[in-house]
Structure formats: structure tokens, C-alpha cells
Amino acid sequence: MIGKSIFAAPESLAVVGASPKTGKIGNVLMNNIVQSGYKGKIYPVNPKEKEINGIPCFPSITGIPGKVDTAIFSVPAGKVLDIARECGAKGVKNLIVLTAGFKETGRAGAELEKKLLSLCEQYNMRLLGPNCVGFIDTHTPINATFLKGFPPQGEIAFISQSGAMLAAILDWSRLAGIGYSKIYSLGNKADLNEVDCISEAADDPNTKVILCYIEDVSCGSEFLKKVTQATLKKPVIILKSGTSQAGAQAASSHTGALAGSDLAYNTAFKRCGVLRVYSMSELFDLAIAFTSQPVPKGEKIAIVTNSGGPGIIATDKVESYGLSMARFAKETIDELRLNLPPEAGIYNPVDVLGDARTDRFKFALETVLKDENVHSAAVLLCPVAVTEPLETAQAVVELNKAYPDKPLVAAYMGGPSLAEGAKVLSAGGVPCFTMPEPAIAAMAGMSMYRKLKERTAAEITVTDFKPDQKTVKAIFYDVKRDNRLALLGSEAAEVIAAYRIDTIPTVLTHSPEEAAAKADDMGYPVVLKVASPRIQHKTDVGGVKIGLKTAGDVKSAYVNVMENVHRYLPKVIPHGIEIQKMAPKGIELIVGMSRDVQFGPMIGFGLGGIYVNLLKDVTFRLANGITVNEIKEMISETKAYTLLKGYRGDKPVDLEAVSKVIRRVAMLAVDFPEIMEIDINPVFAYEHGVAALDVKITLS
Ligand code: COA
């Protein structure tokens with residue numbers, strides 16, 4: 001067995017469409033496999049040839065005498081199905097199909113791809129591609145691609161949905177001196193997808209960090225489950241493109257309008273512990289940092305610089321990237337004061353001054369690295385006449401070895417005069433950048449990985465009661481029988497009450513007299529709201545009357561609301577008028593749910609009221625498996641939190657009651673997949689308890 005990966009496993013490899021003709025894909029592929037030093041058996045397959053590269057060639061897969069583990073296809077799309085069938089009959093385990101002309105070309109191609117996949121299922125074969133560049137494992141070694149050249153060995157696994165991107169990256173990596181453990185080209189992802197590759201790379205002993213370029217994920221639930229396991233083993237960094245707000249535009253609720261697919265990806269990545277980046281440079285900066293430095297044990301960073309400006313820039317970035325400036329121990333400050341010139345900056349950032357030579361840099365860096373309050377450090381160097389970039393670099397590398405638990409990054413800000421020093425740093429494993437920002441960002445990314453990993457292992461919320469699912473089912477049954485998707489306010493209130501979310505009872509009435517009688521029963525003051533699933537914003541059509549104090553008020557308000565609605569929306573016939581006891585004013589919050597096609601229900605929480613979409617103070621998490629910590633984070637990361645804690649002398653509100661609403665909306669959304677959207681806006685939060693005032697629920 002050469003390797004236990006589904007791709008690298010082959011002890012025998014058939015190259016279907018191998019060609020002796022220079023310039024053909026089948027020729028490049030064959031050369032790459034041979035030149036990579038692949039030690040298994042190679043079987044070129046081509047009906048026209050007797051041998052290729054001095055290796056005996058077979059007219060067909062079935063003509064090969066021995067067993068074949070993997071077959072790589074470089075034949076036109078029209079021939080793929082027949083050959084795949086032969087592979088199945090021969091007992092081939094894996095297919096890598098480089099051929100284009102499948103799903104990416106339209107309906108006929110998609111049909112062809114479906115047939116290929118069902119053949120693979122029939123014969124129990126795994127499939128990489130079609131329409132991919134292939135697969136590389138530098139340790140096996142094998143280069144089953146038609147890319148130019150073989151990358152150096154390294155500890156980065158790179159998974160890409162774009163073949164062209166792989167080609168570019170590989171070429172660039174040679175210049176940058178970056179090595180790889182594995183390279184996967186996903187192509188159309190008919191069978192094997194990013195999750196399979198991430199999972200495999202996570203178990204690969206030669207891989208330290210996993211990089212991924214994707215345009216979408218194939219299966220949200222599988223991604224959440226398996227990538228979470230992968231990130232607990234090693235960092236997974238994803239550059240995701242092709243984000244779309246189409247979902248958000250189509251949404252009818254506030255929560256849905258604020259969500260959107262990109263946010264769903266963010267939320268899902270956070271849940272799994274994936275680090276998301278937005279550029280290729282960030283992707284590789286982080287990869288270099290992870291492969292060469294340990295993950296910092298905390299977020300406190302020390303900065304040592306010979307120049308004030310870059311020190312300030314880096315300090316600004318520290319906070320905004322989620323790190324914090326270390327506060328040095330008294331002994332550290334005393335030592336710095338004693339040994340640096342009086343003009344030097346001895347607090348963080350440590351400014352060793354423009355005339356600093358290597359000894360001063362070295363002393364300052366070692367002093368801060370010794371400090372227990374420092375988890376990591378950044379060295380920023382600007383070239384002035386007396387600077388010793390090369391010697392300083394050597395000293396930094398030595399110190400990095402002497403303090404192996406404290407990661408280091410450097411920014412050598414300049415050009416040719418720093419090139420040699422920068423090379424020494426990189427070769428010595430200290431990531432070296434030309435500007436302070438990416439240096440700090442790389443350290444922040446590593447620190448974020450630590451935090452995400454801790455969070456991924458956090459406790460999942462538990463159900464503390466049994467919801468009344470029977471009532472919810474009955475209401476949904478009635479709504480569907482009524483040919484509606486939107487629930488009336490009174491129905492929606494009953495649904496959330498069944499999940500023990502405190503709400504103000506809402507009663508549907510059909511005449512001014514009935515409304516007055518119900519108001520008498522519940523006590524004054526009351527609120528009247530038009531009941532119609534076709535009216536999204538009731539206030540805008542004069543459909544809400546508040547503060548009604550007598551039966552007479554209620555009757556005339558009833559008539560007035562009906563007249564208003566008729567005037568604004570003559571074609572809408574309301575179901576009646578809902579009447580609700582007026583609730584005392586609380587802090588207005590929103591709790592909602594929007595269902596993402598890939599990742600399922602997302603729970604939104606934030607500042608509620610009529611300015612929700614304007615203020616956009618709403619944060620999201622996945623409902624499935626929501627953790628206690630996530631709910632706490634949701635509450636504390638919104639601006640609303642400032643109000644909830646008690647703003648300007650106000651009493652703090654009941655945060656436990658607020659978190660219960662979030663938890664229970666999440667439960668409701670998970671229990672009933674037919675719910676498309678939920679909006680509870682506002683939820684009034686009080687010193688004791690909460691009250692859900694207006695509830696909208698839409699079914700699919
Ligand atoms: N079994 C084995 N070999 C066969 C065969 C069979 N049943 N039928 C034909 N062949 C051989 C041909 O004889 C030919 O050999 P030759 O080069 O010695 O003449 C070889 O297979 C290739 O067939 P050919 O018809 O010449 O195709 P091609 O090389 O022009 O194109 C692909 C094949 C796969 C390269 C092309 O269809 C393609 O998909 N190109 C795009 C690839 C791509 O971009 N992929 C995605 C990257 S992101």
C-alpha cells in the first residue's frame with residue numbers, strides 16, 4: 001500500500017488516453033506521473049500505441065493483466081461513460097476524470113455527469129472531477145495532473161474548485177518557495193467534494209494546514225459535521241467566492257432580509273472553526289504562519305520596532321484584528337528602562353529607536369519574550385543607515401528557537417536593502433512581510449484559530465422543557481388547509497407560546513362589538529392590529545391603533561382601521577382585527593429565523609423596532625446545535641447589549657429571559673423544517689422577563 005488516501009492509494013494506475021504526442025494533455029499527464037517518482041504500477045491505455053515513455057501500453061482497461069486501483073481519464077467526454085463502465089467491470093476503485101464537457105456546459109453535460117455518477121455508484125467507485133486538473137501528493141509521491149511541474153514538498157494541503165487557480169498558485173509558489181503536501185482539484189464535484197478532501201487532509205500526517213478555495217459547498221450538513229472534526233485537528237482556511245445576496249432579496253421578513261447566503265457561510269464557517277479569508281494573499285500569509293510558527297496561547301502581543309509610525313499602525317491593527325497589546329510586567333519595564341536609551345519607548349510597542357543595531361533589537365525582543373504576559377511578538381524594522389537587517393534577522397531567528405512557545409512574525413519594511421535579511425527570516429521559519437498590517441493579521445488569524453477551536457468544543461444548549469408540538473402542528477395544518485403560507489398574528493403568537501416564549505395573548509375578532517367585548521375581558525389599554533397575511537407592514541397602511549382605553553375607543557378604532565386598509569389596499573380583505581393588551585414599554589429587540597438552503601435555520605438577534613433594517617444591529621448563528629456560548633456571544637456582540645446591561649442608570653434587563661427566547665426560537669426552527677421565516681419584532685425586554693409583541697411566521 002503506497003498511501004491510505006482515496007487518491008494516493010493506487011498501487012496501480014491506469015492512464016486512459018495517455019499519449020506520446022508532445023503538447024497533448026494525455027502526454028503531460030503521463031510525463032508528470034512518471035517524473036513525480038510514483039512507485040506503483042503504471043498502465044498507459046491507448047488503442048493506438050504499443051508503449052508510451054517506454055512503458056507497455058494497453059488498448060483498453062479490460063486488456064490490462066493486473067488489478068487497477070485508480071484510472072485517470074484524459075479522453076473526450078463522449079468516451080468517458082463506456083470507459084467508466086469498463087473500469088467498473090474491471091474492479092477499479094477510483095476514477096479521476098480530467099475531461100471537460102459535463103455539468104459546466106449545460107443541460108446535456110449535466111445529464112452526462114449524472115450518468116457517470118450513477119455508473120460510479122453502481123460499481124462502487126469514487127470519482128474526482130470531472131472537469132478537474134487532478135491530484136498531487138508530494139509525499140507518496142504522485143503527480144496525477146496536467147499542471148506544469150511538481151511542487152516542492154511542504155505541509156500545506158491545497159484544495160481548489162478552480163483548476164486555473166491551482167495552475168497559477170503552483171507557479172507562484174515556486175517563486176515564493178512554498179511547498180505542499182497534497183493538492184486537490186475538485187472540478188465539478190460530482191462525487192468527491194471539499195468535505196472529503198478536507199477530512200482526508202485533516203488525517204494526513206504530512207499536512208499541517210489546509211487551504212481551500214471554493215465557490216460553494218456541496219452539502220451544508222455534511223460540511224458542518226465533518227469540517228468541525230477537521231478543524232479540531234488542524235487549521236482549515238477557506239477563501240470562498242461567488243457570494244450572492246439573491247436569497248436576502250427574496251426574503252419577506254426583517255431577519256431574512258438581513259441574512260443572505262454570504263452571511264450563512266460566515267455563520268457556518270464560524271460554527272465549524274474555519275478561518276475565512278477574503279484574498280489569496282491572506283490565504284497564503286496565514287498558511288505560512290501556521291506552518292512555521294506555533295499557535296499563540298493567548299491574544300497578547302508585544303511589538304518591537306525601530307520606528308514610531310509603523311508601531312502605531314501595528315498597534316491600531318492589533319485591536320481591530322482581535323488581538324490585544326500585552327501589558328508588560330514591572331520587571332520587564334524596569335529592565336527595558338535600565339538598558340535602552342532614555343528616549344526609547346519602553347511600554348508596548350517597544351521603540352528601540354532609529355539608530356538601533358542588532359544588539360538593541362535582540363535585547364528588547366528577548367526581554368519581552370521572557371515576560372509571562374506576552375503570548376506572541378512582532379518585529380518591525382525600517383532601514384536607516386545604521387540598521388543591520390541581516391544580523392537582526394539572524395538574532396530574531398535564534399530567539400524564535402529559544403522561545404519556541406511564543407510565535408513571532410516580522411515586517412521588514414523596505415526594498416533591496418532588506419532583501420537578504422527577509423530571506424534569512426523566511427528560511428529560519430519567521431514569517432516576514434513587507435508591511436505591518438499583514439504581519440499582525442497573520443498572528444491574529446492564528447490566535448483566532450485557537451479561539452474557534454475552544455468554541456467548537458463548547459457545550460450545546462439543552463432543552464429544559466417539552467414544547468407543545470401538537471398545538472404547532474394543528475395550527476400549521478389549518479394554515480395550509482386555508483391555502484396560506486403566512487400565519488396570522490394570533491396563530492403565530494400561539495405557536496411561540498407552545499414553545500414557552502412569553503408573549504402577549506392576541507385574539508382575532510370579526511366585528512367592532514366582538515373586539516370591544518374581548519377588550520373588556522382582557523382589560524385596558526389595548527392595541528388593535530389588522531389581521532391579514534397579505535399585509536407585511538401594518539403601520540404603513542394605518543392598520544395599527546395603540547393605547548385604546550375604552551370599549552368605545554375600540555369600536556371606532558376597529559371601523560377606522562378597516563377603512564384605512566380598504567383605502568390603501570382595496571383588494572385585500574382582512575381576516576379581521578387582532579386585539580392585544582398593551583404591554584409596558586421595554587427595550588425593543590428582534591429575534592428571528594431565516595432558513596438557508598445549505599446550512600438550515602439561522603437565528604438572528606439584535607436591536608428591534610421599526611428601524612431594524614436601517615440600524616442592522618442583528619447578529620446570526622446556526623440554530624442547529626446552538627451553544628450556550630454562542631447565545632451569550634450573540635447578545636454581547638450587538639450594540640443592543642449596551643442598552644440591555646443598563647444604559648445611563650437604567651436597570652439591566654433579564655438576560656436569561658432574552659437568551660431563552662433565542663434558544664426556543666432555535667428549537668422551534670429545528671423541530672419544524674416547514675417554517676421558512678420567523679420574525680418576533682419587537683420583543684420587549686424588561687428587568688424581569690420579556691414579552692413577544694408581534695410575531696410573523698411564514699411556512700414553505
Ligand atoms: N481508451 C484509451 N485511449 C483512447 C480511447 C480509449 N477508449 N479512445 C481514444 N483514446 C486516446 C486517443 O487515441 C488519443 O490518443 P493520442 O493522443 O495518442 O492520439 C487520446 O486518447 C486522447 O484523445 P483525443 O481524442 O485526442 O482527445 P484530446 O487529447 O484532444 O482531448 C481531453 C481530451 C480530455 C484533454 C479534452 O476532452 C478535454 O476535456 N480538455 C479540457 C480539459 C480541462 O480543461 N479540464 C478541466 C481543467 S479545470
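Anyway, here's the lowdown on the structure attached to this text.

Right, let's talk about a nonpolar patch on the surface for a bit. Judged by side-chain polarity, Ile610, Tyr611, Leu614 and Leu615 come together as a nonpolar surface patch covering roughly 490 Å² of accessible area. If you trace the backbone, Ile610 turns up in the loop between strand E26 (600-607) and helix H21 (612-615).

A few words on the pattern of salt bridges. According to the stated counting rule, one finds 31 salt bridges in the structure shown. We note a salt bridge from Lys451 to Glu299, for which the minimum N-O separation is 3.7 Å. Note that Lys451 is positioned in helix H16 (residues 436-456) and Glu299 in the loop between helix H10 (280-292) and strand E15 (300-305), a separation of 152 residues in sequence. By sharing partners, the salt bridges in this structure join Lys67, Asp69 and Lys93 into a single network.

This part is about the sheet that holds strand E22 (residues 526-531). As a general point, the strands of a sheet are linked pairwise by backbone hydrogen bonds and lie either parallel or antiparallel. The strand order across the open sheet built from four strands is E21-E24-E22-E23, with neighbouring strands paired in antiparallel fashion. At either end of the open sheet lies a strand with only one pairing partner, and these are strand E21 (506-509) and strand E23 (544-548). The average angle at which neighbouring strand axes cross in this sheet is 25°, direction not considered. Two elements, E21 and strand E24 (residues 576-581), share four bridges in a ladder whose sense is antiparallel. Residue Val507 lies in a different strand from E24, and its bridge partner there is Ile579. Lying over the sheet, helix H20 (residues 551-568) contacts E21, E22, E23 and E24, oriented at roughly 165° with respect to E23.

Another aspect to go through is the site of the ligand. The immediate surroundings of the ligand are formed by 24 residues, with Ser19, Lys21, Lys24, Lys48 and Ala100 found nearest. In the environment of the ligand, an oxygen atom lies 2.4 Å from a nitrogen or oxygen atom belonging to the side chain of Lys24. Here Leu98 contributes a backbone N or O atom positioned 2.8 Å from a nitrogen atom of the ligand. Protein chains shield 74% of the accessible area of the ligand, which is 970 Å² for the free molecule.

So, on to the environment of Lys585. Along the polypeptide, Lys585 turns up in the loop between E24 and strand E25 (587-596). Classification of Lys585 as exposed rests on a relative accessible area of 62%. The sequence separation of Lys585 and Cys132 amounts to 453 residues, and the corresponding C-alpha distance is 60 Å. If near-sequence neighbours (up to four positions away) are discounted, Lys585 is found in contact with Phe684 and Tyr686. One polar contact links Lys585 to Glu588, side chain to side chain, over a distance of 3.3 Å.

Overall, the coordinates contain 13 aromatic pairs when judged by the stated rule. Judged by centre distance (5.0 Å) and plane angle (65°), the ring pair of Trp172 and Phe284 falls under edge-to-face. Of this pair, Trp172 sits in helix H4 (residues 163-176) while Phe284 sits in helix H10, and the two are 112 residues apart along the sequence. Note on Trp172: relative accessible area 37%, which makes it partly exposed. For Phe284, a relative accessible area of 2% gives the class buried. Plain terms: the ring middles of Tyr265 and Phe599 are 5.1 Å apart, the flat faces sit at 85° to each other, and that makes the pair edge-to-face. Taken together, the residues Tyr265 in helix H9 (residues 261-272) and Phe599 in the loop between E25 and E26 connect sequence positions 334 residues apart. Here the two residues Tyr265 and Phe599 agree in accessibility, since each one is buried. Of the aromatic side chains, those joined through ring pairs into one cluster are Phe158, Trp172, Tyr180 and Phe284. Sitting over the face of the ring of Tyr265, Lys240 holds its NZ or CZ atom 4.3 Å from the ring centroid.

Criteria and cut-off values
Residues numbered from 1 in each chain as written. Predicted model: local features only at pLDDT ≥ 70, side-chain atom pairs only at ≥ 80, totals over all residues. Heavy atoms only, no water. Patch = residues over 30% accessible without salt bridge, like charges linked within 9 Å, V, L, I, M, F, W, Y side chains within 5 Å. Areas by Shrake-Rupley, 256 points an atom, 1.4 Å probe, with all protein chains shown as cover. Salt bridge = Lys/Arg side-chain N within 4 Å of Asp/Glu carboxyl O. Helix = DSSP H or I, 4+ residues; strand = E, 2+ residues; numbered from the N terminus. Pairing = 2+ DSSP bridges. Axes fitted to C-alpha atoms, helices over the stretch in contact; angles between N-to-C directions. Contact = heavy atoms within 4.5 Å. Near = heavy atom within 4 Å. Polar contact = N/O pair within 3.5 Å; in protein donor to acceptor, adjacent residues only side chain to side chain. Buried < 20%, exposed > 50% of the residue type's maximum accessible area, 1.4 Å probe, protein only. Phe/Tyr/Trp six-rings, centres within 6.5 Å; stacked < 30°, edge-to-face > 60°. Lys NZ or Arg CZ within 6 Å of the ring centre and 35° of its normal.

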